[in-house]
Amino acid sequence: MALVKEIMGRSMIEKPPFLPSNTLKKIHHNHNLLSVNPVSVPRRIPVVKAAISEDLAKFVKAEKPVTFKARAVLTVRNKHQEDFKETIVKKIDAFTDQIGRNVVLELYSTDIDPKTRAPKKSKEAVLKDWSQKSNLKSEKVNYTSDLLVDSDFGIPGAITITNKHQKEFYLESITIEGFACGPVYFPCNSWVQSTNDHPNPRVFFSNQPYLPDETPAGLKLLREKELRDLRGDGKGVRKLSDRVYDYDVYNDLGNPDRGNDFIRPLLGGEKIPYPRRCRTGRLPTDTDILAESRVEKPFPLYVPRDEQFEESKQNAFSTGRLKAVLHNLLPSMVASISKKHDFKGFSQIESLYSEGLPLKLGLQDDLLKKLRLPNLVTRLHESSQGGGLLKYDTPKILSKDKFSWLRDYEFGRQALAGVNPVNIEKLKVFPPVSQLDPEIYGQQESALKEEHISGYLNGMSVQQAMEENKLFIIDYHDTYLPFLDHINSLDGRKAYATRTIFYLTQSGTLKPVGIELSLPRALPGSRSKQVVTPPVDATSNWTWQLAKAHVCSNDAGVHQLANHWLRTHAAMEPFILSAHRQLSAMHPIFKLLDPHMRYTLEINALARQNLINADGVIEQCFTPGRYCMEISAAAYKHWRFDLEDLPSDLIRRGMAVSDPSQRHGLKLLIEDYPYANDGLLIWEAIQKWVHTYVTRYYSDPSLVCNDRELQAWYAESINVGHADLRHENWWPELATGDDLTAILTTIIWLASAQHAALNFGQYPYGGYVPNRPPLMRRLIPDEHDPAYMSFLDDPQKFFLSALPSMLQSTKYMAVVDTLSTHSPDEEYIGERQQRYTWTGDEEMVEAFDGFSTEIQRIEKEIERRNRDTCLKNRCGAGVLPYELLAPGSQPGVTCRGVPNSVSI
């Protein structure tokens, strides 16, 4: 025994080799651990000798089990900034660690002890160097512990951590060294709470993936208990340190205790269907028992502790900046700018980029002056008058041609390659037909007639142009009309329900040929619908520009409330909640989805608190005002998960037709459709990667059907997370590997590429408000309108008075600038944390390498396309390249980059 201990001690290595435990697959589970087969090691990973030689293994097998020493290396991430209280507590923990209030580890085998019928465990051990390293300022610190285990221990499968300190710590990973199989790696990426807050030990599993029925006997109870803990009991108020994932309705957007102006309807339920969000358990308001009381800024809303933004140096970048904008900058802007102040000219808008916006800064705004914000759009400069200048970077829409936004070509190009390229449809019926209930909204016959547009169709009739796939439409009529009476009664808000017809030219670009502007049923003597066509003189030119501005305002609202927030943020939250509740961290599908769920619950909670809440940024900045979220809920009634994949969406909108002879199985009606062309490359890459991964674990449909965790995840996502649509017959089945591949590909597509296409162009295109006004304040006057003469006298002044005010514009610009920003720690598609150790399955590590290589190839192809002068919607004089689906990006506002998840 002494010989064994001596040899074991001398074979320890000092630094943890970050190896995957892929070797575990090749160990015979029915043999003693010390009897191993030869194993291979992935390329680029250093080879580490097993701690016990084959000769020693034979010697040990002949004897009774002996105790040997294994070594645990814990990688802990330090906080970048600590307040005074945290520093004091840290020093106390360093002191008490020496007298027994320490961090305790216990290692669990995958095997059951035949005598006790319980999992084999090591002796309890403590971290032995916590107090010595407590003053280290490095980002990561490695702590060690010696674990005593028997020689017949088996394979390490789990480890429990008990934190007896007063302060939580962020555990990145654990490496166990000293076993014949080589190092065993435990990815953690989790906060370990003090026993003062959570008395039970935390459990972490090795990186070896197991389907539920393959779970080793020694880990089954731990696997089940961990999931029960994550689900919670659905009761009580959640603490910020909790790790409980549960569901609730959107009943916290309003604040009825502040008065009627802050009452908002409950979203979710039979009356107003909506996806579910993460439950916080807060008490109801005093005046409405169904409304949850609010936590107002700057206090944080509950999300499970591991979902909160990491407090590393890099992460403070985006979240600290967003909070500074919301809590400090916007109030300063309100205090500095009159609500009724309009821009006096286009040059005054442009001065925001060259000269800056003067602000009155109070003592509470010192934070803004101190923010270190390299390479960002907004910069706050102290001025000689004691205030500040908020200076915006020039949005990309002005960077190549500052007049491009005025041109019809650019108006059409942005329908295919702008920030909202997902509403353009093939025109299938002319005149367009409304689907609204005529009993409620009256007969909604379109005012568009053939004579309005036939002169712009290159000699074709409307029917001919439709048959030749030359006519397209962006139709917001049914989206807005039910809300127009309410919207137009709001102070300073005016809107139409718009339809825009586009003609596809021979050069492959879109030309707008007619805009229909609709109002609810008009009073006698007034018209509820009008058609505006391309201009023929000075007056009609300004009318045309106003009509296009109203279309862009409609588009901005649908983009933000339906396509961006609903389809990529809110609709994804149930799948994430259910994944944490039903899929063990050991489950291979959880490992696949993990990087695509990062930060989404936190950013959604931040949105509920500051952006989509009553009188929040969205209501203040977009035309529908207090009715914004009701428009979002109305869109949810038409949401279909089975049509959210890119090919199905393109076919649904008539932008593509099925064609098995084509590469992606479909043919685009507009060949130069940058969003679709680039998106299909990424879609196909995701699909191939997911198919490879799914096939690895589900070689037979019975494995899919019998995977109780997988089936529970999908069923709960639908029946609880999307409860209001659970009876719809369009939900895809989950019975085969192909079914699973399709479902997972759609989720990953929405969380990564679809969100990127809709999010990171917000400031580059919307940062110049005339190009894309988020709200409009005036309707277009006709000859009988008292405002008509002022329109004729000074059309530029009238146009600017119809756009958002200076305060509304600059607030909107500050927020979308921040929402369009990439953090330095952004994780892009084709990347993931612990690149070679996220799974213990070597084949999947190598398959992910192949996926990453394909993503790099796609990036080069997108760069090539952006240089192709034949593609006029992405290349040409003054034309912005389409880079929103280019996978990689530098930090900041770049109008490119596809992060893995909905993280901002």
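As annotated in an unreviewed UniProt entry, the chain carries the name Lipoxygenase and comes from Lactuca virosa. The UniProt entry for the chain carries the following comment under Function (unreviewed entry): "Plant lipoxygenase may be involved in a number of diverse aspects of plant physiology including growth and development, pest resistance, and senescence or responses to wounding." Annotation of the chain in UniProt includes, under Cofactor (unreviewed entry), the sentence "Fe cation".

**Student:** So what's going on with the packing of helix α16 (residues 538-570) against helix α29 (residues 795-802)? Residues and values would help.
**Tutor:** Packed helices, taken two at a time, are described by the angle between their axes plus the distance between the axes. Two elements in contact, α16 and α29, have axes separated by 11 Å at closest approach and are oriented at 10 degrees. Classified by the angle their axes make, α16 and α29 are roughly parallel. Counted together, Trp542, Gln545, Leu546 and Ala549 of α16 and Pro795, Gln796, Phe798, Phe799 and Ala802 of α29 form the full contact between these two elements. A breakdown of the residues in the contact of α16 with α29 according to their chemical character gives seven nonpolar, two polar and no charged.

**Student:** Tell me about empty space enclosed by the protein, residues and numbers included.
**Tutor:** Per the counting criterion, the structure on display carries 15 cavities of 30 Å³ or more. Empty space within the largest cavity amounts to approximately 830 Å³. The wall of the largest cavity is formed by 35 residues, among which Cys188, Asn189, His580, Phe590 and Asp594 lie closest to the centre. Looking at the lining of the largest cavity, the elements with two or more residues in it are β8 (184-192), β9 (202-205), α5 (220-231) and α18 (588-593). No other element matches β8, which puts five residues into the lining of the largest cavity. Of the residues assigned to the lining of the largest cavity, the class counts are 16 nonpolar, eight polar and 11 charged.

**Student:** An account of helix α10 (residues 408-417) is requested, with residue identities and associated values reported.
**Tutor:** Buried residues dominate α10, accounting for eight of its 10 residues. Turning to α10, its buried residues are Glu410, Phe411, Gly412, Arg413, Gln414, Ala415, Leu416 and Ala417.

**Student:** With reference to specific residues and values, describe the packing of aromatic side chains.
**Tutor:** A full pass over the atoms with the stated rule returns 36 aromatic pairs. Judged by centre distance (5.7 Å) and plane angle (65 degrees), the rings of tryptophan 405 and tyrosine 768 are edge-to-face. Here the residue tryptophan 405 occupies a position in the loop between α9 (396-399) and α10, and tyrosine 768 occupies one in the loop between α27 (762-766) and α28 (788-793), the gap between them amounting to 363 residues. Like tryptophan 405, the residue tyrosine 768 is buried in the burial classification. Aromatic side chains tryptophan 689 and tryptophan 838 sit 6.4 Å apart centroid to centroid with 75 degrees between the ring planes, which places their arrangement in the edge-to-face category. Within this pair, whereas tryptophan 689 is found in helix α23 (residues 674-697), its partner tryptophan 838 is found in the loop between α30 (806-819) and α31 (842-865), the two being separated by 149 residues in sequence. Judged by relative accessible area, which is 4%, tryptophan 838 ranks as buried. Counting every residue linked through ring pairs, the aromatic cluster contains Tyr250, Tyr274, Phe575, Tyr636, Trp639, Phe641, Trp713, Tyr714, Trp730 and Trp731.

**Student:** Explain the sheet that holds strand β5 (residues 140-150) residue by residue, including any values.
**Tutor:** Sheet strands pair by backbone hydrogen bonding; their relative direction is either parallel or antiparallel. The strand order across the open sheet built from four strands is β5-β1-β7-β8, with neighbouring strands paired in antiparallel fashion. If you trace the sheet from one side to the other, it starts and ends with β5 and β8, each paired once. On average, adjacent strands in this sheet sit at an angle of 20 degrees to one another, irrespective of strand direction. Summarising the sheet, strand β7 (residues 169-177) and β8 pair through seven bridges and their orientation is antiparallel. Note that in β8 the partner of leucine 171 across the bridge is serine 190.

**Student:** Break down a nonpolar patch on the surface for me, citing the residues and quoting the values.
**Tutor:** On the surface, a nonpolar cluster with roughly 320 Å² of combined accessible area is contributed by Leu266, Ile289 and Leu290. Position of leucine 266 among the secondary structure elements: in the loop between β10 (247-248) and β11 (277-278).

**Student:** Explain the side chain of serine 752 to me, and be specific about the residues and the numbers.
**Tutor:** Residue position: serine 752 is located in helix α26 (residues 737-759). With residues near it in sequence (within four places) discarded, serine 752 still touches Ile686, Ile829, Val898, Pro899 and Asn900.

**Student:** Just give me the short version of the pairing of strand β18 (residues 510-518), but keep the residues and values in it.
**Tutor:** Across the nine residues that make up β18, a large majority, eight, are buried. In this antiparallel pair of consecutive strands, strand β17 (residues 497-504) and β18, the connection spans five residues, and glycine 508 shows a positive phi of 90 degrees.

Each value, and the rule that gives it
- Residues numbered from 1 in each chain as written.
- Predicted model: local features only at pLDDT ≥ 70, side-chain atom pairs only at ≥ 80, totals over all residues.
- Heavy atoms only, no water.
- UniProt positions renumbered as here; feature names shortened; annotations may be inferred.
- Axes fitted to C-alpha atoms, helices over the stretch in contact; angles between N-to-C directions.
- Helix = DSSP H or I, 4+ residues; strand = E, 2+ residues; numbered from the N terminus.
- Parallel < 35°, antiparallel > 145°, perpendicular 65-115°, else oblique.
- Contact = heavy atoms within 4.5 Å.
- Nonpolar A, V, L, I, M, F, W, Y, C, P; charged D, E, K, R; others polar.
- 1 Å grid on protein atoms, 1.4 Å probe; cavity = no way out; pocket = protein on both sides within 12 Å on 5 of 7 lines; lining within 4 Å.
- Points joined across faces, edges and corners; volume = space filled by probe spheres on them.
- Buried < 20%, exposed > 50% of the residue type's maximum accessible area, 1.4 Å probe, protein only.
- Phe/Tyr/Trp six-rings, centres within 6.5 Å; stacked < 30°, edge-to-face > 60°.
- Pairing = 2+ DSSP bridges.
- Patch = residues over 30% accessible without salt bridge, like charges linked within 9 Å, V, L, I, M, F, W, Y side chains within 5 Å.
- Areas by Shrake-Rupley, 256 points an atom, 1.4 Å probe, with all protein chains shown as cover.
- Salt bridge = Lys/Arg side-chain N within 4 Å of Asp/Glu carboxyl O.

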